[in-house]
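Next come the chains, spelled out residue by residue.
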Amino acid sequence: MAPPAQSQRSPSPSQPSGKSEVSDLKLQLRQLAGSRAPGVDDSKRELFKKVISYMTVGIDVSSLFGEMVMCSATSDIVLKKMCYLYVGNYAKVNPDLALLTINFLQRDCNDEDPMIRGLALRSLCSLRVANFVEYLVGPLGSGLKDSNSYVRMVAVIGVLKLYHISASTCVDADFPSILKHLMLNDSDTQVVANCLSALQEIWSAEASTSEEASREREALISKPVIYYLLNRIREFSEWAQCLVLELVTKYVPSDSSEIFDIMNLLEDRLQHANGAVVLATIKVFLHLTLSMTDVHQQVYERIKAPLLTLVSSGSPEQSYAVLSHLHLLVMRAPYIFSSDYKHFYCQYNEPSYVKRLKLEMLTAVANESNTYEIVTELCEYAANVDIPIARESIRAVGKIALQQYDVNAIVDRLLQFLEMEKDYVTAEALVLVKDLLRKYPQWSHDCIAVVGNISSKNVQEPKAKAALIWMLGEYSQDMQDAPYILESLVENWDEEHSAEVRLHLLTAVMKCFFKRPPETQNALGTALAAGIADFHQDVHDRALFYYRILQYNVSVAERVVNPPKQAVSVFADTQSSEIKDRIFDEFNSLSVVYQKPSYMFTDKEHRGPFEFSDELGNLSIGGEAADNVVSAQRVEENDKDLLLTTSEKEETRGSSNNGSAYTAPYDGSSTSVFALQTHIESAISNPTAADHSPQASLAIDDLLGLGLPAAPAPPSPQLKLNTTAALDPSTFQHKWRQLPVALSQEYSVSPQGVAALTAPQALLRHMQSHSIHCIASGGQSPNFKFFFFAQKAEEASNYLVECIISTSSAKAQIKIKADDQSTSQAFSTLFQSALSKFGIP
Amino acid sequence: MISQFFVLSQRGDNIVFRDYRGDVAKGTAEIFFRKVKFWKEDGQEEAPPVFDFGYVQTTSTEVLKSYIFNEPIVVDAARLQPLGPAAIFMQGTKRMPGTAVTKSVLANEPGGRKREEIFVDIIEKISVTFSSSGYILTSEIDGTIQMKSYLTGNPEIRLALNEDLSIGRGGGSVYDYRSSSGAGAVILDDCNFHESVRLDSFDMDRTLALIPPDGEFPVMNYRMTQEFKPPFRINCLIEEAGHLKAEVSLKVRAEFPSDIVANTIVVQMPLPNYTTRVSFELEPGAVGQRTDFKEANKKLEWGLKKIVGGSEHTLRAKLTFSQESHANITKEAGPVSMTFTIPMYNVSRLQVKYLQIAKKSSSYNPFRWVRYVTQANSYVARI
């Protein structure tokens, strides 16, 4: 018998320190040891209880060993039991006592009382002391042959224990084949069941090294063994029945008549009051008929009623476990359950975990004939006092709408939700209407009329706000106030805490701008400025991207941000069918309750940070905080990388949210942004190749009234300049007017440089040696003004520089404009390094 | 197979800890404790030998009891969540209704000698949902035949049910009310039986044969969606009554025979959450009734000690609001739910026709108790 774990806490002051009490106990035990007085066993029990309770709280009572053993020379089973617990505890830690213990237990293994023989054998095998395995073989051998079934039961499990202490000892003693014989012949079914458990473990462990064991393991699911067990199934205890049934699921029958035989034999198990037996039987039925479509469906029909009965009897916990299995089946074959929808109606007093499952089932079984009633019922829950359930119910209505063809009535219902004027109802309904419009754009007219009446001030939840904003952008031509609502939202940019909402706001303002430019112009400018200054990386990136694409070409921008969209036909499912199949394979286990295949909650790498963490003290604080830090640092990184990281992020987010249809939309615009990104970038960096439209970008420039921000572009080392670049002054002038300032900086000029700059010409020659050419210069000491240009070595991409040098303050103020803005920082670095070398021989 | 078994104290200390296989990481119990909290319980007891090396050996509660030597410590009933149907007679310190259907059936004769007796309880929990117009939307009976045997020598028992009892509603929707109304037959949707029950002659004469294990166990669980007459009709009216005021009128009518008395009735109704005050008006001469407005969750509660069959009771409540209600007031309140117990009454008409105990001798005539009770599971009227 395994010892209880030592209590972790140290004995508190109120508990006895032990010493005097222990010696006191010792004395009393000694007095009782030899006594034959009537009632002595009762006194012993009291003392033993004390000893055990001291032991449990961590007081060392090992010194009483001898007295305890002496006192337990009795036929009182309770005393024996307590004594075994005691000796088991100390044998492990105290080798001297271990041998004594073994002697004591071995003697009891030959007691005339079978209960004592069994208990002693059980304790003996539970010692888990590797050095003493040879003492186990004898008692186990005779235990397996004992005339009493309790002793045999204990001996069988004892063999398994021995196997785990020393596999070779167990196998050498030929115990596995004795167990096999017992399994097929013993009259006691618990002995049979124990043999089966033990053999399954032993042969599975041996199978990797021994071919014979592997054959034996296979033999367990052979026809003779399976039929033998099935024929005796009613004699087994409920637990053992489950064990046998689980084994039967692994059996592969040779033909369909065998399948029917097994099912007919097990038919009455479906009427068992024990849910575990029923579920195990159902698993057998389902697995046997997997390849027989019609019969498989009949099985579903057959198991409905028993499952429903189990759900409605028993405790809520049991009921939930069964309901989870029903849920799994309903999700696999909703059409079979479509007439049973009323069973999935929620009762007001059910726990919300039950209601949640039922709502999912109701959603799944909705079809043409029952939708009206189901939706009517769900609408009742929308006013439920249990707000999370009310929300789920509204979502369920939406899901049904998305999976039905005739959504007429449902749309009306959803719109009624919007009129209920309960914050959470409005919020959920908005998200739904948004999804609905993505699938059924033809409903926009009705929906927009209602959505237009909702004051954005009453919508606070980010998801709902994002949905509303999406609709404002998408349908801005139909909603009179769209630009103004968006404008007021933009004005409160700083108060908007959700990055998701700000992202949507940017996109919506863009869309609105394309449709109603004069009314949106102001809002767009403000939004882009706020977006570019936003601390959130994604928001910043999206704003900057919009800004640049607008600058590049408005019509391209429109194609990117607001392309014609295809209606969504099916929203992606949360779980892959592969995962669902795995859960189905693990029917009648926790996998079904968790709705995850077992590897997801048993394998280490799939555990969440809080799951079964070994280092409890070391729990990380959620991922979010860390993410923020990272994204803040990323600001410093290269622009290209930023875009990439963002698109990757979007992808990951997209996939993780994929399943729930209720995340805010990553609409066509944002996805295509990243799809087109590379294309556009190359187009921008290559003006000769791209269809450049300077008017447009100039117009935008003025329209936005923004100075171009200093875009951070770290030097790219491979920037090489064309040594023989040429540019005629008129082109230069034209470009200078057309391009925005990419960089505006102030450098220090070295004292040598100041000294050398007596006349402009001196600097011109110096810069030319660095492939930076002058196109115009002027001024007199101390103030000089230069216009330089340079070209990339491999392509006709120009850099234009205005450079004002004051020798009195030893400063150079430069403005850089570039065709390829992403490299302007690199160029600036080159320029600076060239300038710094001026005057140094 | 079970690796570890532990019972923790409220502080997370091990009260009972068994490591059957030594294959689970240390600290599992602690991790578990972080997630769940157990109620406090004192005393220690060696875990009964249900398991050996993590494999279940026996689960019969009577066998297990023989391994347990400590006096049981009754856990404060209030700490426990209400359990399923089987638990309704075992609500610990809570007093059970009038007939005290098996509160504690430790039937010890004054002399300490155990009395030969057997209890068979037909417990039905009913769920009904009425639409706002009083139409029955759904109804279901979840029934259990619970047996508690104190017979020495475990004699065989035969339990005869209604002869016209049929099981399974074959084809079509189980909610097809028309097909069953009027007929006298009792039609169960489905049922299941305890391990010990033999159904050899069940198909022929609806008799269950069993050798009952000691103690309490469900002989049979059944489920029924056949139409039945709901024991109570609920009528609820809520009307605006001027500025920031509304009036609720709740009427409950008992539709069972007048020799039957329901007890521990509680009617509850959520009110609009801007309700600040409620004043109640009971019918004149009302006894054994109480009213309450649960401020925290804005619920109206009306308790009645008993309702005699055929009678009708009304409650009026005047509500005061803190704000104007702009939406439909009925959308902000309700539904009305009801809990009750009706002893010696069962809605399904399922009956134990006789209870036969195999005789050991001519003088052997143990006490037999067959009792019926109906309880509300989810009894709801929408408004």
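See the structure above.
Residues numbered from 1 in each chain as written. Chains lettered and ligands numbered in written order. Predicted model: local features only at pLDDT ≥ 70, side-chain atom pairs only at ≥ 80, totals over all residues. Heavy atoms only, no water.

> In this structure, what is going on with the overall build of chain B? I would like to understand it.
When its secondary structure is counted, chain B shows four helices and 23 strands. The buried share among the 383 residues of chain B stands at 51%. In chain B, of all internal contacts separated by at least 6 residues, the share reaching a separation of at least 24 is 71%. Entry remark: accessible area of chain B is about 18,600 Å², with carbon and sulfur atoms responsible for 51%. (Helix = DSSP H or I, 4+ residues; strand = E, 2+ residues; numbered from the N terminus. Buried < 20%, exposed > 50% of the residue type's maximum accessible area, 1.4 Å probe, protein only. Contact = heavy atoms within 4.5 Å. Areas by Shrake-Rupley, 256 points an atom, 1.4 Å probe, with all protein chains shown as cover.)

> I keep staring at the packing of helix H27 (residues 499-515) of chain A against helix H29 (residues 537-552) of chain A and nothing clicks. Help me out?
The geometry of a pair of packed helices is captured by two quantities: the angle between their axes and the separation between those axes. All names here are of chain A. The N-to-C vectors of H27 and H29 enclose an angle of 15°; their axes lie 9 Å apart at closest approach. Classified by the angle their axes make, H27 and H29 are roughly parallel. As for how H27 packs across H29, the hand of that crossing is right-handed. Contacts from Ala-499, Arg-502, Leu-503, Leu-506, Thr-507, Met-510, Phe-513 and Phe-514 of H27 reach H29 at Asp-538, Val-539, Arg-542, Ala-543, Tyr-546 and Leu-550. (Axes fitted to C-alpha atoms, helices over the stretch in contact; angles between N-to-C directions. Parallel < 35°, antiparallel > 145°, perpendicular 65-115°, else oblique. Left-handed = near helix turned anticlockwise from the far one by under 90°.)

> Even after reading the chapter, I still don't get unusual backbone geometry, so can you show me in this structure?
Working note: non-glycine residues mostly have negative phi, and peptide bonds are mostly trans. Despite not being glycine, Asp-174 of chain A has its phi angle at roughly 65°, a positive value. Turning to its location among the elements, Asp-174 of chain A is positioned in the loop between helix H9 (167-172) and helix H10 (175-185). Accessibility expressed as a relative area gives 44% for Asp-174 of chain A, which makes it partly exposed. The residue Thr-264 of chain B is not glycine, and still its phi comes out positive at about 40°. Turning to its location among the elements, Thr-264 of chain B is positioned in strand E16 (residues 261-270).

> How should the sheet that holds strand E22 (residues 352-357) of chain B be read in this particular structure?
The pairing of strands in a sheet happens through backbone hydrogen bonds and is either parallel or antiparallel. Residues and elements named next belong to chain B. If you walk across this open sheet you meet the four strands as E11-E12-E7-E22, and the pairing is antiparallel. The outermost strands of the open sheet, each flanked by one partner alone, are strand E11 (197-198) and E22. Here strand E7 (residues 157-161) pairs with E22 via five bridges, running antiparallel. Bridged to Ala-160 within E22 is Tyr-354. (Pairing = 2+ DSSP bridges.)

> Got a minute to help me understand the packing of aromatic side chains in this structure?
To describe a pair of aromatic rings, you give the distance between the ring centres and the angle between the ring planes. The full count for this structure, using the stated rule, is 29 aromatic pairs over all chains. When the centroid spacing of 6.3 Å and the interplanar angle of 80° are considered together, the rings of Trp-470 of chain A and Tyr-475 of chain A count as edge-to-face. Each member of the pair, Trp-470 of chain A as well as Tyr-475 of chain A, is classed as buried. Between Phe-130 of chain B and Tyr-379 of chain B, the aromatic rings sit 5.6 Å apart at their centres with planes inclined by 75°, giving edge-to-face as the arrangement. Here Tyr-379 of chain B lies in strand E23 (residues 367-381) and Phe-130 of chain B lies in strand E5 (residues 117-130), a separation of 249 residues in the sequence. For Phe-130 of chain B, a relative accessible area of 2% puts it in the buried group. When its relative accessible area of 0% is taken as the criterion, Tyr-379 of chain B is described as buried. We note Arg-332 of chain A situated over the ring of Phe-584 of chain A; from NZ or CZ to the ring centre the distance is 3.8 Å. Arg-206 of chain B extends its terminal NZ or CZ atom over the ring of Phe-202 of chain B, reaching a point 4.7 Å from the ring centre. (Phe/Tyr/Trp six-rings, centres within 6.5 Å; stacked < 30°, edge-to-face > 60°. Lys NZ or Arg CZ within 6 Å of the ring centre and 35° of its normal.)

> Is there a simple way to explain the pattern of salt bridges in this structure?
Where charged atoms from two side chains of opposite charge come close, those side chains can pair. Residues and elements named next belong to chain A. Within the structure shown, the criterion is met by 46 salt bridges over all chains. With its nearest N and O atoms 2.7 Å apart, the salt bridge here joins Arg-152 to Asp-186. Taken as a pair, Arg-152 in helix H8 (residues 149-165) and Asp-186 in the loop between H10 and helix H11 (189-207) lie far apart in primary sequence, 34 residues in all. Between Arg-332 and Asp-581 there is a salt bridge, with its nearest N and O atoms 3.3 Å apart. Separated by 249 residues along the polypeptide, Arg-332 in helix H18 (residues 316-332) and Asp-581 in helix H31 (residues 577-585) bring together distant segments of the chain. (Salt bridge = Lys/Arg side-chain N within 4 Å of Asp/Glu carboxyl O.)

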